[in-house]
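# Remarks on the overall topology
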Amino acid sequence: MRKLALFLSMVLFLGLQTLNAQTKAISGKVVDNYGDPIPGVSIIVKGTTSGTVSRPDGSYLLNVPQDAEIIVFTFVGMETKEIMIGDRSSINVMLASSAIDVDEVVVTALGISREKKSLGYASQGVSEDDLMAANDVNAIASLSGKVAGLSVSGQNFAGSQNILIRGASSFSGNNQPLFVVDGVPISNEGFNDVETQSGGGGYDYGSMVADLNSYDIANVEVLKGSAASALYGSRGQNGVIMITTKSGRKGKKTFSVDINSGVTIDRVSILPELQDKYGGGYGGFGSTTIDGVEYQTVSYAVDESWGPKFEGQDVLHWWGIADYEQGLTSAPVTGKWEASKNDVEDFYETGITYQNSINVVSTSENSALRIGYTNISMEGIVPNSKQNKNTFNINGNTSVLDGFVELNSNVTFVHTDTKGRPQFGYGDNSQSQKFFQWGQRQLDMDKLKNYANPDGTNRTWNRTSASDATPKYSDNPYWTAYKNYQDDDRTRIFGTVGGKINLTDYLSASGNVYLDTYTFNARERVAIGSQAQSMFKQVQRQAIETNYEGKLNFQKRFGDLDVLGFVGGNIRKENYSRFEGETDGGLVIDGLYNLNNSANQPILDDYDREKRVNSWFGMASVGYKSFAYLEATYRTDYDSTLPEEHNEYSYASVSGSVILSQLLKYSWMNNLKVRLNYGETGNGTDPYQVYNTYEISDPFQGNPQFTNLDRLKNENLKPELTQEVEFGVEGSFLHNRAGFDFTYYTRDTENQIVPVEVSGSTGYIEQVINAGLINNRGIELMVYGTPLKVGDFSWELGINYAKNTNEVKELPASLGGKLQLASAPFGGAYINSVEGKTFQELYAYDFVYDDNGNKVINSETGFYEMGDLQSMGSVLPDYTAGLKSTFRYKNIDLGVLIDMSKGGKYYSLTNMWSMYRVWPRRLQQLPQMETRFVRMDLCWMELLIRVMDMKKMICI
């Protein structure tokens, strides 16, 4: 660290020296083809080391020797210009775009704009046009298939996405990248509980980054490796997604209004295939006598489909007896026993999304202002599901005192109302569970649409009996949608305000305050008259994160050397609170959803947490003749969640790149760069993991109770540490008609935060320790080109490929080489981390086989013998890839994107219960009835002890 500080001091000292020779001042402005100012242009007196760079407004001031003749203007991506000085004291220059230079300016860590050719690490950008190609309202989902090494999964109505960059590295469960919008770290905290995540049942409350507005985004830059994200310290382990929003560009007076509208239609594409030969029940029909007439009845109370074969028999359906009970018919009406003409797919509706936005931009010589408003109105495919989101953004910047002071502000306000999120997994309010895991195959959706009887009661098909209309196991699916729905609302504000003082043409000081705050209210309900006990639950979450950041920036050219550096500090404060309440014993008054309507005293929970991280950091970069670059970064965090005597941790990186095309000088080679780097990043822990505290329990006889938590805290806990080495080669050829970018990386993540079991005699169940090591290594390849370009027509093609190999190198000895991370409901499968295997290995019970490989059948039960618990493979994909093809003609373009993921095992709870209860279509050709029960039981047993392969989902 002393060496870095000394180096920066020397650079600043040299930069402050003045020339003794006689000089004269030259001033002016540098703009592009459109008249917009270009900041950072290198301006040098030819044949000397005297030079400067243009300011953010494009202006410059340069002291030149009296005998100077030519000034050279250079900027990456622009053609170099040499201008004769003569007797002029003011020189304005326009730089044209270079047709053969693929270099560009990108946004890197801490919002610093850099020349891409100077970067010694992998970074891939996605432009506004690529993001909005499919008019996707979800900005993060739009990245899928466009960035090598980045995977996005889990897209659904208002739901969450799982985002990984170069695989998973942490046992703690936090493997999501950091999102930064215009310098503001954005929370992407998830609120799905363990039951929801494991398939046990619950609502998917989405990703917090869904608050980002696609219409406001100008560019996304993905920082993949540790060297790229090291400046974010304990938040940078999983990579960083840098988002730059649209803004006005000062420099000339303009005014524009941009209006956009779009419509997106969603339809259910694929559903599980279900048999249509047999209906509900266990065997034959029943019978009942009503008003002296005997009727053949369905097994109303059964929610399985082992009933009679569909042969057009005359039966009393659930709707016939329900209408008679409500006085809608004078006698029960019967119907044919047949497969439904309005089956499960008819329950789902056509989802439609309307997007409307208006953006107003006003600029002048010294100021720019952009105001934007976007409304997104979405109706889901599940009845009574909808979302309405309003986003308001104001982004302004100005320079005063002749560019000496620059001020900026960017604030976004988002309000989202959502109703009817579908419940997932094995939950009572999950329509999917009732359709594909349980249910009867003759149910007609058209009959079910009338979900409430005239007296307001539940009009369910799953009656307790012919004489009892009480729901046995299942509510009417439309009752679930319109009576047992959830709803939520979120209000969020994030943004920044800051300023910059240009002390000299090479030295500046900047300061910013970054804010991200939200209030999230969620409500869940079960109406009186439902199968389950009525209830109401509400959760209110409030969070605020504030970052105070200051930097001293330096940028200057010394002859053949370009020097860039900064030092700075950051103070991060986090506050989070959650208040949760749920009725106990049901509701008293139907339709009144309030905690005070609880039959018993409602169950309440109140939680608060605070966190503070103080940091200082620095970066220094040196470029030689725009040919070779060397960069180093360093950051130290002081984390309040760690022990006071051990709460200081540092992270460093060093990277280098060489532009070989500067040496080779082939006419067909536009760019060829080799890069190499090493970086360190971390993954911090949550608050209150260090010191033991008590948990407040429910009062006993009016007295408060304080109990130990299940987890023993660790006073020596450390953050996880990742060390990564990366090598890459990138190039472009044939006037940028073709190019590639290749990366190889290997990274080790140690100090894993791992829970281990402890003796119950200690009063605890587990303790968290630092132990374990995970290695990720892999390759990333991006190939792009323009195979065809004729006049105004062109065909552009891009392919990206990534393969990551994940391995658990070490685990604590007390774990016996295996750590269970999650388990499926009903014990069907487990996700484990196993030493010598991948981080997420899927385990299940296999069969017992004889010497010839045949499954062994138990002679007493007739079932297959269950073997030992063993690995069925990794849930992680073998590789991911994306193929993008775009045809352009003038201002019209047509694009196709294919997102691929090969390999990976998964366990389907829906498929398991479907095999047992409503059975898929592939099994409807079974022989006669009496053998079907045996065979289906065998299939059910197999599904319980066997994990489904993605390419093989049959029951043998």
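Criteria and thresholds
Residues numbered from 1 in each chain as written. Predicted model: local features only at pLDDT ≥ 70, side-chain atom pairs only at ≥ 80, totals over all residues. Heavy atoms only, no water. Helix = DSSP H or I, 4+ residues; strand = E, 2+ residues; numbered from the N terminus. Rg over C-alpha atoms; globule rule 2.2 N^0.38 Å. Buried < 20%, exposed > 50% of the residue type's maximum accessible area, 1.4 Å probe, protein only. Contact = heavy atoms within 4.5 Å. Areas by Shrake-Rupley, 256 points an atom, 1.4 Å probe, with all protein chains shown as cover. Lys, Arg positive; Asp, Glu negative; His and termini not counted. Charge placed at Lys NZ, Arg CZ, Asp CG, Glu CD. Pairing = 2+ DSSP bridges. Axes fitted to C-alpha atoms, helices over the stretch in contact; angles between N-to-C directions. Domains from an automatic or database assignment. pLDDT = per-residue confidence, 0-100. Polar contact = N/O pair within 3.5 Å; in protein donor to acceptor, adjacent residues only side chain to side chain. Salt bridge = Lys/Arg side-chain N within 4 Å of Asp/Glu carboxyl O. Core = buried A, V, L, I, M, F, W, Y, C linked by side-chain atoms within 4.5 Å. Phe/Tyr/Trp six-rings, centres within 6.5 Å; stacked < 30°, edge-to-face > 60°. Lys NZ or Arg CZ within 6 Å of the ring centre and 35° of its normal. Patch = residues over 30% accessible without salt bridge, like charges linked within 9 Å, V, L, I, M, F, W, Y side chains within 5 Å.

### As for the overall build of the protein chain
A count of helical and extended segments in the protein chain gives 11 helices and 52 strands. Relative to the globule expectation of 30 Å for 956 residues, the C-alpha radius of gyration of the protein chain, 33 Å, shows essentially globular dimensions. Taking the principal axes of the C-alpha coordinates as reference, the protein chain spans close to 120 × 65 × 65 Å. Here the protein chain holds 956 residues, and 50% of them are scored as buried. Taking the intrachain contacts of the protein chain between residues at least 6 apart in sequence as the baseline, contacts between residues at least 24 apart amount to 67%. For the protein chain, the accessible area works out to roughly 43,100 Å², and carbon and sulfur atoms hold 53% of it. For the protein chain, the distance from the average site of its 84 positive side-chain charges to the average site of its 112 negative ones is 6 Å.

### Brief notes about the sheet that holds strand β49 (residues 841-847)
The strand order across the open sheet formed by 4 strands is β47-β48-β49-β50, and the pairing between neighbours is antiparallel. With partners counted over all chains shown, the strands left at the sheet margins are β47 (818-823) and β50 (866-874), one partner each. Across this sheet, the average inter-strand angle for adjacent strands is 40 degrees, counted without regard to direction. Strand direction decides the pairing type here: strand β48 (residues 830-834) and β49, joined by 3 bridges, are antiparallel. Bridging across to β49, asparagine 832 finds its partner in glutamate 841.

### Overview of the domain arrangement of the protein chain
Interfaces are often sized by the amount of accessible area the parts lose when they come together. When its domains are assigned, the protein chain resolves into domain 1 (20-94) and domain 2 (105-248). Here the C-alpha centroids of domain 1 and domain 2 sit 39 Å apart.

### A word on the confidence of the model for the protein chain
Mean pLDDT over the protein chain: 85, with 92% of residues reaching 70 or higher. Every residue in residues 1-21 scores below 50 in pLDDT, and together they form 23 contacts with partners more than four places removed in sequence or on other chains. In this model, residues 926-956 is a region of pLDDT below 50 whose contacts with residues beyond four sequence positions or in other chains number 75 contacts.

### Some remarks on the environment of glutamine 296
Within the fold, glutamine 296 resides in strand β20 (residues 293-297). With 28 residues separating them in the primary sequence, glutamine 296 and tyrosine 324 have C-alpha atoms 15 Å apart. If we skip the residues at most four places from it in the chain, glutamine 296 touches Phe285, Gly286, Gln313, Asp314, Val315 and Leu316. From its side chain, glutamine 296 meets the backbone oxygen of aspartate 314 in a polar contact 3.1 Å long.

### What about the pattern of salt bridges?
In a structure, side chains of opposite charge can pair up when their charged atoms sit close to one another. Throughout the structure, instances matching the rule amount to 39 salt bridges. Glutamate 780 serves as the salt-bridge partner of arginine 166, at 2.8 Å between the closest nitrogen and oxygen. Taken together, the residues arginine 166 in the loop between β12 (162-165) and β13 (178-181) and glutamate 780 in strand β45 (residues 773-790) connect sequence positions 614 residues apart. Pair check on accessibility: arginine 166 and glutamate 780 agree, each one buried. Between arginine 463 and glutamate 325 there is a salt bridge, with the nearest N and O atoms lying 2.5 Å from each other. Note that arginine 463 is positioned in strand β28 (residues 463-465) and glutamate 325 in helix α5 (residues 318-325), a separation of 138 residues in sequence.

### Examining the nonpolar core
In terms of nonpolar packing, the biggest core is built from 24 residues, with Leu143, Leu150, Phe179, Val220, Ile241 and Ile243 touching the most fellow members. At the level of elements, β11 (150-153), β12, β13, β14 (184-186), β16 (217-223) and β17 (240-245) are the ones that each hand at least two residues to this core. With 3 residues, the single largest contributor to this core is β16. In terms of nonpolar packing, the next biggest core, distinct from the first, is built from 23 residues, Ile290, Trp337, Phe347 and Met445 among them.

### A few points about unusual backbone geometry
Positive phi, close to 55 degrees, is recorded for lysine 625, a residue that is not glycine. Phi is positive for serine 626, which is not a glycine, with a value near 50 degrees. Among the secondary structure elements, serine 626 is positioned in the loop between β34 (598-624) and β35 (628-639).

### Description of the packing of aromatic side chains
Counted according to the given criterion, the structure contains 30 aromatic pairs. Grouping aromatic residues by their ring pairs yields a cluster made of Phe191, Tyr203, Tyr205, Tyr518 and Phe520. The ring centre of tryptophan 319 lies 4.0 Å from the NZ or CZ of lysine 447, which sits over that ring.

### Remarks on the pairing of β45
Inspection of the sheet shows strand β42 (residues 738-750) paired to β45 by 12 bridges, in the antiparallel sense. Paired with arginine 747 across the strands is asparagine 776, a residue of β45. Bridge count for β45 against strand β46 (residues 793-810) is 16 bridges, and the pairing is antiparallel. Note that in β46 the partner of glycine 785 across the bridge is leucine 797. Here β45 folds back onto β46, and the loop between the two strands holds 2 residues, one of which, glycine 791, carries a positive phi near 60 degrees.

### Here we look at the sheet that holds strand β40 (residues 711-712)
Pairing between the strands of a sheet is mediated by backbone hydrogen bonds and can be parallel or antiparallel. With respect to topology, 3 strands assemble into an open sheet ordered β40-β44-β43, the strand pairing being mixed. Bordering the open sheet on either side are β40 and β43 (753-757), each of which pairs with just one other strand.

### Here we look at the side chain of lysine 434
Here lysine 434 is to be found in helix α6 (residues 431-437). Separated by 2.9 Å, the side chains of lysine 434 and glutamine 433 make a polar contact. In this structure the side chain of lysine 434 is engaged in a polar contact, spanning 3.4 Å, whose partner is the backbone oxygen of tyrosine 473. Setting aside anything within four residues of it in sequence, one finds lysine 434 in contact with Asp428, Gly439, Tyr473 and Ser474.

### Some remarks on the environment of serine 142
With respect to the helices, strands and loops of the structure, serine 142 is situated in the loop between α2 (128-131) and β11. In sequence terms serine 142 and serine 823 are 681 residues apart; their C-alpha atoms lie 31 Å from each other.

### Some thoughts on a nonpolar patch on the surface
A cluster of nonpolar residues, Phe255, Val257, Ile259, Ile358, Leu369, Ile371, Tyr373, Phe392, Ile394, Val411, Phe413 and Ile493, forms a patch on the protein surface that exposes about 1,000 Å² of accessible area. Those elements giving two or more residues to the nonpolar patch turn out to be β18 (254-266), β24 (367-379), β25 (386-400) and β26 (405-419). We classify valine 411 as partly exposed; its relative accessible area is 34%.

### Brief notes about α5
The element α5 is largely enclosed, with a buried count of 6 among its 8 residues. Residues of α5 that are buried: Trp318, Trp319, Gly320, Ile321, Ala322 and Asp323. Count one or two residues on from α5 and you reach glycine 327, which has phi positive near 80 degrees.

### As for the environment of glycine 159
Within the fold, glycine 159 resides in the loop between β11 and β12. Taking C-alpha positions, glycine 159 is 22 Å from threonine 880, a pair spaced 721 residues apart along the chain.

### Overview of the side chain of glutamine 689
With respect to the helices and strands, glutamine 689 occurs in the loop between β37 (669-683) and β38 (694-700). In this view, glutamine 689 contacts Arg711, Lys713, Asn714 and Leu717; residues no more than four positions away in its chain are not counted.

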